[in-house]
Every structure is written in C-alpha cells, then in structure tokens.
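A look at the structure
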Amino acid sequence: MGLLSRKATCNSHGQDSSYFLGWQEYEKNPYDEVLNPKGIIQMGLAENQLSFDLLESWLAKNPDVSAFKKDGNSIFRELALFQDYHGLPAFKKALVDFMAEIRGNKVTFDPNHIVLTAGSTSANETLMFCLADHGDAFLLPTPYYPGFDRDLKWRTGVEIVPIQCISSNNFQITESALQRAYQDAQTRNLTVKGVLLTNPSNPLGTTMTRNELNLLIDFISDKADMHLISDEIYSGTVFDSPAFVSVVEILKERNLLKDSDSDVWNRVHVVYSLSKDLGLPGFRVGAIYSQNDTVVSAATKMSSFGLVSSQTQYLLSAMLGDKNFAKNYISENKQRLKRRQKMLVSGLKKAGISCLKSNAGLFCWVDMRHLLQSNTFEAEMELWKKIVYDVRLNISPGSSCHCTEPGWFRLCFANMSEDTLDLAMKRLKAFVAESAGGNGRRKSIIGHSSGKKKSPTKWVFRLSSRDREQGDR
Amino acid sequence: MGFTSEIHDYQLLSKIATNDKHGENSPYFDGWKAYDRDPFHPTKNPDGVIQMGLAENQLSFDLIEDWIMENPKASICTPEGVNQFKHIANFQDYHGLPEFTKGVANFMSKVRGGRVKFDPDRILMSGGATGANELIMFCLADPGDAFLVPSPYYPAFVRDLCWRTGIQIIPVHCDSSNNFKITREALEEAYQKAQEDNINVKGLIITNPSNPLGTTLDRETLKSAVSFINEKNIHLVCDEIYAATVFNSPGYVSVSEILQDIESINLDLIHVIYSLSKDMGLPGFRVGIVYSYNEEVVHCGRKMSSFGLVSSQTQHLLGAMLNDDEFVDGFLKESSRRLGKRHSVFTKGLEKEGISCLPSNAGLFVWMNLRKLLKEQTFEGEMMLWRDIINEVKLNVSPGSSFDCKEPGWFRVCFANMDDETVEVALRRIRAFVGKETTPSSSPKKPVKLKRWNSNLRLSLSSSRRFDETVLSPHNMMSPHSPLVQAT
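Residues numbered from 1 in each chain as written. Chains lettered and ligands numbered in written order. Predicted model: local features only at pLDDT ≥ 70, side-chain atom pairs only at ≥ 80, totals over all residues. Heavy atoms only, no water.

**Overview of the UniProt feature "domain: Aminotransferase class I/classII large" (unreviewed entry) in chain A**
Note the threshold: UniProt positions are given in the numbering used here, feature names are shortened, and annotations may be inferred rather than shown by experiment. Runs of E in the DSSP output that reach at least two residues are strands. Runs of H or I that reach at least four are helices, and both are numbered from the N terminus.
Annotation from UniProt places "domain: Aminotransferase class I/classII large" (unreviewed entry) at residues 41-428 of chain A. The annotated region residues 41-428 of chain A carries 41% helix and 15% strand content, and the separation between its end C-alpha atoms amounts to 11 Å.

This is the structure in structure tokens:
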C-alpha cells in the first residue's frame, strides 16, 4: 500500500512538461533591464500587463472601496463574514453585465446562473466533476492550453481525447477531425461526455468561426447527454476582425435557447475569468455559466472548495459596476493589445518568421518549422532548448500544447514592456541569421518577405505572413 | 419545452453531481428556514429567531478594522498602497506571496505560544479549511479508502473529506462517560473492524480544539493518537482551525509540539490543517492552509493548491497584518480574553437554569447537555426537543445527531456571533423555556413518533439552502439590514 494516494504520485498534473520546465529556467535567470540584461525574457506567460494604469486610476477616483465603505458606512464586518457560495449579488450582476458588454450586448446573462470559482482553473475542474465520471472523456481540439491536462484530468480521472487540427487549414476544426476523435474514443472504450473548446483559442490567438461553432453544436445535438463547454477566458482580448462570436450567440441565432424544443441549451456551458481580460490572475476570479439548473446547483456546492475572496468580490463589483469605466476599459485594452501584437508580428517578420494570422489573445502562434533540423518533435525540442538557453527567450513549444505538427511555438506579447519585446525580437533575428549562416543558407534580409528556402524535407515555406482563410463569418 | 426531468439529469451529469454526499439534503435545514423567515434583530424584530447555529467569531473585528485603517499600505486600493497593485494583481504563483506565508507561519507559531516554529516553505494555500481538508484527502487517500474520525464531528466533513474524493469516513464514537475523550481502545476497535470489513484505513483526522465539543486535547490523548498512527503507519491529519480560540486552562497543546517530545515518529505521516476563518473571524477571505511534514505531500499539494489559491489581494493584506508582531500579540491576547468572558457569561447564565455544558476551554460554542429535558432518551426525543427550541424558544441551535453523536440530548450552541445584549435575550428565553418545561403543572407532551433521521433522507428543499455551520441564509446572507444586501 503506497503511503500517498495514486494522484499524489502520478504525474497527471502535467507539470513535468516542457511548458513548466521553461518557466523553471526563467526563474533561475530572469531578464531585468537593469539588473540582468542578459537574462531570459519571459514569453511563455499569457499575462495581460498592458492596462493596469486604467485600473489604478479608477482606484484613485474611488477611495471608498479601499476603505471598505459603502455610502459612508463601514462594511468590513459583513465582508469579513461573507462566505455564501451564491456570491455577492452586486458582483455577479456586474460580472454578467461585463460579459454581455464584451459580446456587444448581443446576448445577456442571468446572474442566477453564474457560479463563482477560484479562477478558471477551478471552474474547468468543477465542470468535469459535474459532467463526467472517472474514466469518461472529453474531446479537445489541438493545440490546446497545457494546463488542461492538470485542470481537466488530474483529480477527476477524466480523459482528454484530441481533435487533431492541422496547419493546412489554419488549425480549424473540421467535421472529419471531430468524427475521427469520436471514433478514437469509442475504440478506446471511452464514454465521451462532451467537447471542450477555447474561444478565442489558446494557443492559436484566433476566434472560432461560425462554421466551427455550428459544427460542434450539431455534433452534440444529436447525441444525448453530450455537453459543450466553451472556455471564453480570452473573449475580451479580441482586438481585430473577425468579431468574437460566442457559442451563446449561436444558440440564440438558431433558436436553441431555453424553452425551445431542443435540449441543447441544457448542455452548453461557458467558462470565464478575469485573469486575462482584466489582467488580474492573482485575484482568482473564475466563473461557470450554465442554463442547466442541476449543473448550477451542483457546481455552486462544489465552489465551496474555492470561493472568491469577499474583499475581491467587493472591489470588482464596484469596478465592473462602473459601466462607463468597464466599457472604456474594454475598448482601450483592445487597442493596446492590437498595437502590441502588430509589434510582435512585424518583429518576427524581420527575422524571417511568420505566424498564424490572429485577432485575439495575448500571444501569437509562430511558425518556426523552417528552422527545424528535421520534421520531428525531437528537432522541435532541440530548437526550443536553443531558444531558451542561447537566445534566452522562454517560449512554449507546440508539443506542450499537443500540436500534431512539429515546429510551432506560442510567443506571448502582453506581459512585457515595448522595449523588452523589441530586444526579444532582435535576439531572435540574430539567432536566425546566425543559424542560416552556420548552415550555409542564405542569410535573411531585413524586410525580405518573398524568398523560398529549401529544406531537407522539401517543404516550401513562404516567409510572408500567412493570410487566414476568411471562412464563413 | 426543454428537458428538465430529474431522471434525465441523472444520466446527463456525473454521479458526484447527482448523489447527495454534499450533505445538504438534511432535515437540519428547518433551523435555518426558521431563522431565514424570522431573523432576530434587537430593535426591528426582537421576537425573531436568534442564530446560535453559526460558529463565527464576531467579537474582535474592531481590532482588525483599526489595524486596517492605520495601515493603508496593506491595501492595494488606497493611495498609499496602490503602487503595489500591478504586482499583486498579477501574482498567481502557487508558492504564495513570501510575506504571506511568512506571516502565516509567524501567526501559527504565536498561537502556540512560540513553542513551535513553522517553515513558510511548507505552507500550502487552499480555498478555506474546506478546500484544505479536501486537498489533503486527495493527496493521502484513493477512492474507497477510509479515514477514522472521532465523533461527534463537524457535519461538513462528509462533504469535505468524501464527496469528490470518494473516501469514506469511519466514525470513532466517543461518549459522555469520559467527557467524550478519544480513547486508544476506541481507535483500535474502529481500526480492527475496518480491517475485518476489508476497508483500507489511510489515516485518522482529529479536530483540536474540538468542534463541537469546544475542548482541547490533553497531552496524553494527543500522544496516544500519534503513537497509534505511527504504529499502524497511517496518517494523522490535525485540523487546528480553532487553535487561537483557547481562552482557558488547560492550555493548548498542538500536534507540532508533541512531535518535539516523542522520538521515532515518522514525520511523513503528520499534517496540519489551518485557517483564519475562526481565529480571526475572516471566513469571507477564504484563507485555508495545509501544513505537512511530508516533503512529497508539500510538493504535490502545492500543485493542487492551484484549484483554490488565496486571492493575492487578501494575501497582501494579511501578510502585512500577520507580520506585525505587536498587533498579533495584542490581538491573540484580547480575542482570547473576550471569548473567555463571553463563554463565562453564557455558561454561568445556563447554570442558573440548571443547564450544564461539557466543561470547555476553547471554540466558539458550548456542547450543551439537555438530556434531562428529553421526553425520551432517543433521537426522536432529541428532534422533538430541537423543534421546540427553534419554534418556541426561537433559538437556532444544532442537535447532536447532526454531528453523528451517539448519545441523544446534546446540542451545540454558538455564542461568539452576537453582541452582549443578544446573549442576554437568549438566556432569558432559555430561562423561560426551562421553567415551563420543568413545571409539573404543564401536561406532558405525547412523544410523536418521528421518522428516524438517516443520511438517506431527502427532503425537497429549495436548491438555495445550504446546511453548514458557516453560512447564513443564501438569499439574505447578511442581516437584512446590512448595506451589502442592497448593493447594485
């Protein structure tokens, strides 16, 4: 008999993966403009550090909140005691209004159907506990957020079966990939309880097309007991067209909401958080939204294991409840993200590197296949190590996101200053030039964007940015 | 018209979501309902139900509030502290803010009179003690395994230890013949029986000070428990959430102190659960702590803490507060004094009416002995008396059966969640009730045969109810007169 549980001694938490190892290297040698200018620049962390000043100036204008006062009266005692798992009413209202605002008010959310959790980490795990039994499976399009291996599988015993997406169609989910994944699960004798998508996607940085959303809704529609979870944690980071379309909007358009003849509305759930849109990961604010009363009820009870601190609920209820502020924040934040993304894309281009055309998120999905020694994941790891140790950039290799094609990397752009991003791009450019020189290849020229490079695998790469297929929007 | 049949939901959702191991479908909601419908207020509703089923520490808020006002830098929202906003808001490292873990280690040490030191690197965060207890189970036991739990015990252990973990509780029954002490014989007996039933016991969980008894474990009992688990090579989890509520002798002896006294203990078996919800009266801030002497548990538990980290805003505030030695020393002393005084007023008031409680020196409640008021010495008798107390005396108290107590007639009554005047009102009402009950002229009530409560009993309750000692009514969470209720 082992002293500890099986969960404690296995490594389903996934934290031995390269995604986390890169972080460890960064911790040992972190870049600092003054103290450690040769250190590793952190580009593996999807944080939004661009808009804190907006939050800080709001705080300066609202001193009551900091003094635990409402209308001049102290509410410290009430907040200190408040641990009702239904959440602070004012906060839930402000949160659902914020979510509606992000969706252009095309849909509204009922505060009674929101469950507050300790970050979306907890929200996703809680949904698994509610919807699946130990040994059941969820289908996830690849590439996906590495943390899902921990959040969805570790303590729940749920399996993830990948829906393999590939670059030839810009990693969009296809009917055949979906069916193949479903078949795969059947072959492995796994009961599929649903599909979990991230929209906008991490790590792709793209919003899901209407086509894909409809495909997934159709897929779960005709299978009894199959759920669709849409993790919309990046919904407020959509800075470019096409506009964000939430799964809830599709349900509304297709008349599949409550009181329709279908029961699909009962099996679609949204996950949200303030960690990315507002850049507040430390506050641990996550949410589950579902029209299914039993899910809401069960998830609410489970939220006892990870409630949101009452003082944080209170602060955010005041902040997000300030509608003008919330609206302006969303808009200004997007502008800044857009500008910053463009900086990354053009910097990469100068290094002869292209990326998937993206319109959302805090990162780009970067194509470094042409820099691989061979079309293998070993080669990807080799390249990654060089980039971490020699170029001194912590970036996330596609394999850690379960991408089926080697050579893709996620690079974050919103967690550093402009100067740091600039430096990162210079380092990368120097590295690429050096590699090209070393192998006797043509050096890339600044601004050159139409050359073709021969590679051992006879692939043809275009160095210009790829245009994303517009698809049906 | 939409698929909402219950039967369908049972297939649609998981077993965990649709079983009732969350423990909320219990008949004790009646007490809550009565309170919700008719909550006491000194001026607006003086005849309402007084809440005595909630183990909250409301006696020392002023001390904390004063500190907060005097230390604006500890808040990230004030002009003095906002320069930290960006760093704190962005901080989600599961190691916790260094000043926070240091502060918690410091506080825990002071609570134990400085007799033990805690290593900040062993401190793991979790979503309140609720999250902490679940987390430690996930680390120590597999589905189907069991933990021994001395009864009477905190009712929500069923949810915290068992619900999502798949673990089972084996109660170790204690009774009044020896003041509910945990005996080595009882532990051995429970362990043997589990072996015979082929149940894999992974450990023992004790709450010290005890909820609902309000007593601290004596040194001998603690040593005996430690040697028991050491011998069987099973874990010992000590829930020390009430450690700073000790207001009287005998003083507090924590498991960490015992470790220093006994040789050849396998430290890998020892784990402490803590929280600031009771000692500091801050349940809303969700500060749960797991402290383990087992390196692997710290390692794994830290990763698991991702599911219930403490808000960095709260870590920052408390980090500053708990590292302020002058404040901590003063707070612990004064809080303990106020609890002791309140306990004394209440128990002396009860004694005058001939009501005795288990002699206690800690906690936010007393374990009240109402056996002589039972019409019959059965749990039906206890339920009848309980309903009378709610409906006639208008006090919401918790019957012993809800704590899995094997002797009927005991009730847990909380005293630290109200002001002095309300305590007087409660005592007056008890006085009146006891007087009536013991007057020979009143015709004895016929004991009504009630359905025996068992954990499978399901009542149709609104899904908004939650039975837990730590939560008020969900819809009118605070007093209806609180400004927060009106917040929009």
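Read on for the rest.
**Digging into the domain arrangement of chain A**
Residues and elements named next belong to chain A. Spelled out, the test is: Domain limits in this description derive from either an automatic procedure or a database domain assignment. In this description, buried area is defined as the sum, over both parts, of the accessible area (probe of 1.4 Å) that is lost when the two are combined. Salt bridges are identified by distance alone: a Lys or Arg side-chain nitrogen within 4 Å of an Asp or Glu carboxyl oxygen.
When cut into domains, chain A gives domain 1 (6-46 + 331-472) and domain 2 (67-321). Buried area between domain 1 and domain 2, both sides added, is near 3600 Å², and the carbon and sulfur share of it is 55%. Taken together, the connections running from domain 1 to domain 2 amount to 1 salt bridge. Lys338 is the salt-bridge partner of Asp240, the closest N and O atoms lying 3.9 Å from each other.

**A closer look at the pattern of salt bridges**
For the record, the criterion: Relative accessibility under 20% of the residue-type maximum defines a buried residue, over 50% an exposed one, and the middle range a partly exposed one, all with a 1.4 Å probe and only protein chains included.
All chains considered together, the criterion is met by 44 salt bridges over all chains. The shortest N-O distance in the salt bridge between Arg267 of chain A and Asp263 of chain A comes to 3.0 Å. Judged by relative accessible area, which is 1%, Arg267 of chain A ranks as buried. With relative accessibility at 13%, the residue Asp263 of chain A sits in the buried group. One network of salt bridges, with partners in common, ties together Glu125 and Arg155 of chain A together with Glu134 and Arg164 of chain B.

**Quick notes on helix α7 (residues 128-140) of chain B**
Spelled out, the test is: Expected helix span is given by 1.5 Å per residue-to-residue step, counting one fewer step than there are residues.
For α7 of chain B, built from 13 residues, the straight-helix expectation of 18 Å at 1.5 Å per residue is met to within 8% by its first-to-last C-alpha distance of 19 Å. Of all 13 residues making up α7 of chain B, 13 are buried, and the element is well covered by its neighbours.

**A look at the packing of helix α9 (residues 184-196) of chain B against helix α10 (residues 219-232) of chain B**
Residue and element names in this part refer to chain B. Formally: Axis definition: a line fitted to C-alpha atoms, limited for helices to the stretch in contact. Angles are taken between N-to-C directions and run from 0 to 180 degrees. Should an angle fall under 35 degrees it is taken as roughly parallel, and over 145 as roughly antiparallel, whereas 65 to 115 is taken as roughly perpendicular and any remaining angle as oblique. Left-handed describes a crossing whose near helix is turned anticlockwise from the far helix by less than a right angle; the clockwise case is right-handed. Residue contacts follow a heavy-atom distance rule, with two residues in contact if any of their heavy atoms lie within 4.5 Å. The residue classification treats Ala, Val, Leu, Ile, Met, Phe, Trp, Tyr, Cys and Pro as nonpolar and Asp, Glu, Lys and Arg as charged. All others, Gly included, are polar.
Close contact between α9 and α10 brings their axes to 10 Å; oriented N to C, the two are set at 30°. Between α9 and α10, the angle falls in the class roughly parallel. Remark: the crossing between α9 and α10 carries right-handed chirality. Residue-level contacts link Arg184, Leu187, Glu188 and Tyr191 of α9 to Ser224, Ala225, Ser227, Phe228, Glu231 and Lys232 of α10. Residues of the contact of α9 with α10, tallied by class, amount to 4 nonpolar, 2 polar and 4 charged.

**Regarding the sheet that holds strand β4 (residues 114-117) of chain A**
Residues and elements named next belong to chain A. In plain terms, the rule: Should DSSP find at least two bridges between two strands, the strands are taken to pair.
Strand order in the open sheet formed by 7 strands is β4-β10-β9-β8-β7-β5-β6, with mixed pairing between adjacent strands. Two strands lie at the open edges of the sheet, namely β4 and β6 (159-163), each paired on one side alone. Ignoring strand direction, the axes of neighbouring strands in this sheet form an average angle of 25°. Of the strands in this sheet, β4, β9 (268-273) and β10 (286-290) are in contact with helix α6 (residues 89-102), which crosses β4 at around 105°.

**Some words on the sheet that holds strand β14 (residues 396-397) of chain A**
Residues and elements named next belong to chain A. The 4 strands are arranged β11-β12-β15-β14 in an open sheet whose pairing can be described as antiparallel. Only two strands of the sheet have a single partner each, and these edge strands are β11 (354-355) and β14. Summarising the sheet, β14 and strand β15 (residues 408-412) pair through 2 bridges and their orientation is antiparallel. The partner of Pro397 across the bridge, within β15, is Phe409. Those strands touched by helix α14 (residues 323-350) are β11, β12 (363-367) and β15, and its axis lies near 15° from that of β12. Helix α15 (residues 377-390) rests against β14 and β15 of the sheet, and its axis sits at about 30° to β15.

**Observations concerning the UniProt feature "domain: Aminotransferase class I/classII large" (unreviewed entry) in chain B**
Mapped onto the present numbering, the UniProt feature "domain: Aminotransferase class I/classII large" (unreviewed entry) falls at residues 50-430 of chain B. In this annotation, residues 50-430 of chain B is assigned 41% helix and 15% strand; the end-to-end C-alpha distance for the span is 12 Å.

**What about the interface of chain B and chain A?**
Let me state the cut-off plainly: Nitrogen and oxygen atoms within 3.5 Å of one another constitute a polar contact, given that in protein one can donate a hydrogen and the other can accept it, and given that sequence-neighbouring residues count only through two side-chain atoms.
At the interface, 93 residues of chain B touch 84 residues of chain A. In total, about 8100 Å² of surface goes out of reach between chain B and chain A, with carbon and sulfur atoms giving 61% of it. There are 3 salt bridges connecting chain B and chain A. Note that Lys15 of chain B is salt-bridged to Asp133 of chain A, the shortest N-O span being 3.3 Å. For the pair chain B and chain A, the interface holds 25 residue pairs in polar contact (both at pLDDT 80 or more).

**Section: the packing of helix α6 (residues 98-111) of chain B against helix α13 (residues 312-322) of chain B**
Residue and element names in this part refer to chain B. Running from amino to carboxyl end, α6 crosses α13 at an angle of 45°, the nearest separation of the two axes being 8 Å. Judged by the angle between their axes, α6 and α13 are oblique. The interaxial crossing formed by α6 with α13 has left-handed handedness. Contact residues: α6 offers Glu99, Phe100, Gly103, Val104, Asn106 and Phe107, while α13 offers Gln315, His316, Leu318, Gly319 and Leu322. Among the residues forming the contact of α6 with α13, the class breakdown is 5 nonpolar, 5 polar and 1 charged.

**Describing unusual backbone geometry**
Residues and elements named next belong to chain A. The residue after Asn202, namely Pro203, is reached through a cis peptide bond having omega 20°. Along the chain, the position of Pro203 falls in the loop between β7 (192-198) and α10 (210-221). Geometrically, the link from Ser241 to Pro242 is a cis peptide bond, its omega value of 0° lying close to zero. Mapped onto the elements, Pro242 comes out in the loop between β8 (227-231) and α11 (247-253). Backbone geometry places His402, a non-glycine residue, at a positive phi of 65°. Examined against the element boundaries, His402 turns out to sit in the loop between β14 and β15.

**As for the UniProt feature "coiled-coil region" (unreviewed entry) in chain B**
When the UniProt feature table is mapped onto this chain numbering, "coiled-coil region" (unreviewed entry) sits at residues 177-204 of chain B. Summarising residues 177-204 of chain B: 46% helix, 14% strand, and an end-to-end C-alpha distance of 22 Å.

**A look at the side chain of Ser126 of chain B**
Residues and elements named next belong to chain B. By the secondary structure assignment, Ser126 is in strand β2 (residues 123-127). The class of Ser126 is buried, set by a relative accessible area of 2%. Setting aside its immediate chain neighbours within four residues, Ser126 contacts Gly131, Ala132, Arg286, Val287, Gly288, Ile289, Val290, Gly308 and Val310.

**Section: the packing of aromatic side chains**
Keep this limit in mind: Between rings of Phe, Tyr and Trp, where Trp is taken as its six-membered ring, a pair exists when centres lie within 6.5 Å; planes separated by under 30 degrees are stacked, by over 60 edge-to-face, and by other angles tilted. Sitting over a ring, as applied to charges here, requires NZ of Lys or CZ of Arg to be within 6 Å of the ring centre and within 35 degrees of the ring normal.
With the rule as written, the count across this model stands at 29 aromatic pairs over all chains. Pairing Phe171 of chain A with Trp408 of chain A gives two aromatic rings, centres 5.1 Å apart and planes at 90°, and the pair type is edge-to-face. Pair noted here: Phe171 of chain A is in the loop between β6 and α9 (175-187) and Trp408 of chain A is in strand β15, with a separation of 237 residues, a long-range link. Exposure class is identical for Phe171 of chain A and Trp408 of chain A. Each is buried. Through pairs of rings, three or more aromatic residues link up here, namely Phe68 and Phe76 of chain A together with Phe61 and Phe285 of chain B. Above the plane of the ring of Phe219 of chain A lies Lys223 of chain A, whose end atom (NZ or CZ) is 3.9 Å from the centre. When the ring centre of Tyr191 of chain B is taken as reference, the NZ or CZ atom of Lys232 of chain B above it lies at 5.3 Å.

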